[in-house]
Amino acid sequence: KISNDSSYLQSDSYGSYTSDVEYIIEDSVSSVESVISQIESDLEKQQQSGEVTVSRDTESVSSQVDTANEAGKQIAVVDSSVDSADAQVITPADVDTKGEKPLYYNDLTKTQKHIYRCIKSAAENMTEGLFSIGAVSSNEDRFSDITVAFRALSADNPQIFWLPISYVASSDGSSLALSYRKNGNNLDYTFSSSQKANAEKQLNAKAAEIIAEAQKLSSRFEKELYFHDWLCKNVTYGYNGSENCYTAYGALVNGVAVCEGYSRAMQLLCDKAGIPCTVIYGKSEGIGHMWNIINPGDGWYHLDVTWDDDADFDLARHAYFNLTDAEIKTDHTIFEAVTPDKSYVGNDLFNISLYQCTSTTYNYFVKKNLVFQNDMAYNAQRIAQEVSAGNTMPEFKYILSGKALETFLNELNPQLLNYGLRISQYSKLGNAVLLGFG
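Residues numbered from 1 in each chain as written. Predicted model: local features only at pLDDT ≥ 70, side-chain atom pairs only at ≥ 80, totals over all residues. Heavy atoms only, no water.

Visitor: Give a description of the environment of Tyr 301 that names residues and reports values.
Guide: Topologically, Tyr 301 is positioned in strand S11 (residues 301-303). Owing to a relative accessible area of 0%, Tyr 301 belongs among the buried residues under this scheme. For Tyr 301 and Cys 277, which are 24 residues apart along the polypeptide, the C-alpha to C-alpha distance reads 9.5 Å. Every residue in contact with Tyr 301, bar those within four places of it in the chain, is listed here: Asn 292, Ile 293, Ile 294, Pro 296, Asn 322, Leu 323, Cys 357, Ser 359, Thr 360, Thr 361, Tyr 362 and Asn 363. (Helix = DSSP H or I, 4+ residues; strand = E, 2+ residues; numbered from the N terminus. Buried < 20%, exposed > 50% of the residue type's maximum accessible area, 1.4 Å probe, protein only. Contact = heavy atoms within 4.5 Å.)

Structure representation (structure tokens):
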């Protein structure tokens, strides 16, 4: 009799990324009352639906950012007392759009691209205080553009790991700050300039070490698999009391990360290895979640490294290794893509754009010939081959319809006796099953 031993089951409670934007509106003089009123009006529907929290708390931003980290929130402070005349004029950063690297930047409007490049310049140079993002047209929904541009910048650039999860915007939307210590606010980068330089060296050195091993492999698929398994075996899911757990630095250098850190680390490694890869936002088990979209050779696939990290047995699972849209949607919700006619003020439940994932060629189990068939003799033979090759806990994809998995495994056991094997335990994750023998 097959026993579904709970000790084999991996927790599926992984999640939490910087979702659900909280807009803090700070009142000042009557000259800006109309602006505040408009912002409040824009946020009212999202507030009623629970998508956004509107707060008038004027305590320092730093204390609220700490709380936001634990709750997985991103804070945008619209400060009515900010004088845009004080904003620095900066040179927008260049964005390299050549090559195969997927960039959400390419899907932005002209205005959003300009804001993106200004934020990128400020972040790369660790600009302190307000910086200008350009004049505001009366027809522009500038706060929505800022929200979208900030999301695209964050998603495209895992190497800017010191980017804070919050920012201050002037009431007219013409200037921003990533580091700001006025009017009761205390907002800053996650590293100081001197710390950032050393941290970059640490991150680049660790990434180079991992990539050097991966480059010995011949295909994108094998390199992707190496990165995936390395992260599963060397990163612990959890929080370390700082924003680093949301970053590639936290995953690769500190070895501690939540789903956002796993995803950004995978993206960074793939970027450096020349494998097209980006991140995608959604939910799973009702919790904000992030994973990867990757192209190993013939198109786009979903890759969720976090959910494949089996901490109980220190194993790299492959249930979420290169899935189609239909497969990932069985237990993941993908946020919708940005549409031109919608405002994203106070809304973090979106993707810049979506990639169509329909191919199965580079699914781990398809590629490795580890998919159960209706032929029990064939299945037993493949299991025996895996065990003989040293894989004492083989993992197979189970997609047969009309038969419960436990029933299927019980019918498989008599065939396995021919090879001296008997399945005594199993762990199901997604459409994959991990087998234990005894």
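Visitor: Account for the nonpolar core, naming residues and giving values.
Guide: Side chains of a nonpolar character, in soluble globular proteins, are inclined to be buried together. Residues Leu 178, Phe 227 and Leu 412 are the most contacted members of the largest nonpolar core, which totals 113 residues. Among residues more than four places away in sequence, those in contact with Phe 227 are Ile 210, Ile 211, Ala 214, Met 266, Leu 269, Cys 270, Ala 273 and Ile 275. By size, the runner-up hydrophobic cluster in this structure holds eight residues, among which are Val 77, Val 82, Ala 87 and Leu 130. (Core = buried A, V, L, I, M, F, W, Y, C linked by side-chain atoms within 4.5 Å.)

Visitor: Describe the side chain of Ser 154, with residues and values.
Guide: With respect to the element layout, Ser 154 can be found in helix H4 (residues 142-156). Excluding anything up to four places from it in sequence, Ser 154 contacts Leu 163, Arg 264 and Tyr 281.

Visitor: An account of the packing of helix H12 (residues 376-388) against helix H13 (residues 405-416) is requested, with residue identities and associated values reported.
Guide: It is the contact of H12 with H13, at a shortest axis distance of 9 Å, that shows an interaxial angle of 70°. On the basis of their axis angle, the class for H12 and H13 is roughly perpendicular. The residues of H13 that touch H12, namely those facing Met 376, Ala 377, Asn 379, Ala 380 and Ile 383, are Phe 408, Glu 411, Leu 412, Gln 415 and Leu 416. (Axes fitted to C-alpha atoms, helices over the stretch in contact; angles between N-to-C directions. Parallel < 35°, antiparallel > 145°, perpendicular 65-115°, else oblique.)

Visitor: I'd like to hear about the packing of helix H5 (residues 193-214) against helix H6 (residues 220-234), residue by residue, with values.
Guide: Interhelical geometry of H5 versus H6 gives an angle of 135° and a closest axis separation of 9 Å. Considered as vectors, H5 and H6 are oriented oblique to each other. Crossing handedness for the pair H5 and H6: right-handed. Packed against H5, whose contacting residues are Lys 206, Ile 210, Ile 211, Glu 213 and Ala 214, the element H6 presents Lys 223, Tyr 226, Phe 227 and Trp 230 at the interface. Considered class by class, the residues forming the contact of H5 with H6 number six nonpolar, no polar and three charged. (Left-handed = near helix turned anticlockwise from the far one by under 90°. Nonpolar A, V, L, I, M, F, W, Y, C, P; charged D, E, K, R; others polar.)

Visitor: So, the pattern of salt bridges: which residues are in play, and what are the values?
Guide: Here the structure, examined in full by the defined rule, presents 16 salt bridges. Close ionic contact of Arg 151 with Asp 348 constitutes a salt bridge, the shortest N to O distance being 1.9 Å. Within this pair, whereas Arg 151 is found in helix H4, its partner Asp 348 is found in the loop between strand S15 (333-334) and helix H11 (364-367), the two being separated by 197 residues in sequence. Look at Asp 348 and you get buried, because its relative accessible area is 2%. Salt bridges linked by common partners bring Glu 128, Arg 181 and Asp 188 together as one network. (Salt bridge = Lys/Arg side-chain N within 4 Å of Asp/Glu carboxyl O.)

Visitor: Could you give me a rundown of the packing of aromatic side chains, with the residues and numbers involved?
Guide: The tally for this structure, following the rule as stated, stands at 20 aromatic pairs. Ring plane angle 65° and centroid distance 6.5 Å describe the contact between Tyr 226 and Phe 227, whose orientation is recorded as edge-to-face. We classify Tyr 226 as partly exposed; its relative accessible area is 28%. What links up through ring pairs into an aromatic cluster is the set Phe 221, Tyr 301, Phe 321, Tyr 362, Tyr 364 and Phe 365. Over the aromatic face of Phe 350 sits the side chain of Arg 151, whose NZ or CZ is 4.8 Å from the ring centroid. In this structure, Lys 367 packs its charged tip against the face of Phe 221, placed 5.9 Å from the ring centre. (Phe/Tyr/Trp six-rings, centres within 6.5 Å; stacked < 30°, edge-to-face > 60°. Lys NZ or Arg CZ within 6 Å of the ring centre and 35° of its normal.)

Visitor: Got a sec to walk through the confidence of the model for the protein chain? Specific residues and values, please.
Guide: When pLDDT is low, close inspection of the predicted coordinates is not appropriate. For the protein chain, per-residue confidence averages 84 on the pLDDT scale, and residues scoring 70 or more make up 82% of the total. Confidence drops under pLDDT 50 across residues 1-36; counting only partners more than four residues distant or on other chains, this segment forms 153 contacts. Scored below 50 in pLDDT, residues 50-73 makes 72 contacts in the model with residues more than four places away or belonging to other chains. (pLDDT = per-residue confidence, 0-100.)

Visitor: Give me the lowdown on the environment of Ile 334, citing residues and values where you can.
Guide: Of note, Ile 334 is situated in strand S15. Relative accessible area serves as the criterion here: at 18%, Ile 334 is assigned to the buried category. Sequence separation between Ile 334 and Gly 282 is 52 residues; the distance between their C-alpha atoms is 4.4 Å. Leaving out residues up to four positions away in the same chain, Ile 334 has contacts with Ile 280, Tyr 281, Gly 282, Trp 291, His 302, Ile 328, Lys 329, Asn 351 and Leu 354.

Visitor: Pulling in residues and values, what's your account of the pairing of strand S17 (residues 423-429)?
Guide: As a general feature of sheets, a regular strand has side chains that alternate between the two faces. In terms of burial, S17 is a largely internal element, six of the seven residues being buried. In this sheet, strand S18 (residues 432-437) lies alongside S17 in antiparallel orientation, the contact comprising six bridges. Looking across to S18, one finds that Leu 429 is bridged to Ala 432. What sits between the antiparallel neighbours S17 and S18 is a turn of two residues, in which Gly 430 has the positive phi angle 60°. (Pairing = 2+ DSSP bridges.)

Visitor: For the side chain of Thr 147, give the residues involved together with the corresponding values.
Guide: Structurally, Thr 147 can be placed in helix H4. We classify Thr 147 as buried; its relative accessible area is 4%. Polar contacts involving the side chain of Thr 147 include one to the main-chain carbonyl oxygen of Tyr 344, which spans 3.5 Å. (Polar contact = N/O pair within 3.5 Å; in protein donor to acceptor, adjacent residues only side chain to side chain.)

Visitor: Describe the sheet that holds S17, with residues and values.
Guide: In space, the three strands of this open sheet follow the order S16-S18-S17, with antiparallel pairing throughout. On the outer flanks of this sheet lie strand S16 (395-397) and S17, each paired with one strand and no other. This sheet shows a mean twist of 30° between the axes of neighbouring strands, independent of strand direction. Against the sheet, H13 touches S17 and S18, its axis set at about 145° to S17.

Visitor: Account for the sheet that holds S11, with residues named and values stated.
Guide: Taken together, the five strands give an open sheet; going across it, the order is S14-S11-S10-S9-S15, and neighbouring strands pair in antiparallel fashion. Strands with a single pairing partner mark the edges of an open sheet, and in this sheet they are strand S14 (321-323) and S15. Where S11 meets S14, two bridges bridge the pair, whose relative direction is antiparallel. Considered in S14, the bridge of Leu 303 is made with Phe 321. Across the sheet, H6 lies against strand S10 (287-294), S11 and S14, angled at about 120° from S14, the strand it touches most. The sheet contacts of helix H8 (residues 259-273) involve strand S9 (277-284), S10 and S11, and relative to S10 the element is tilted by about 15°.

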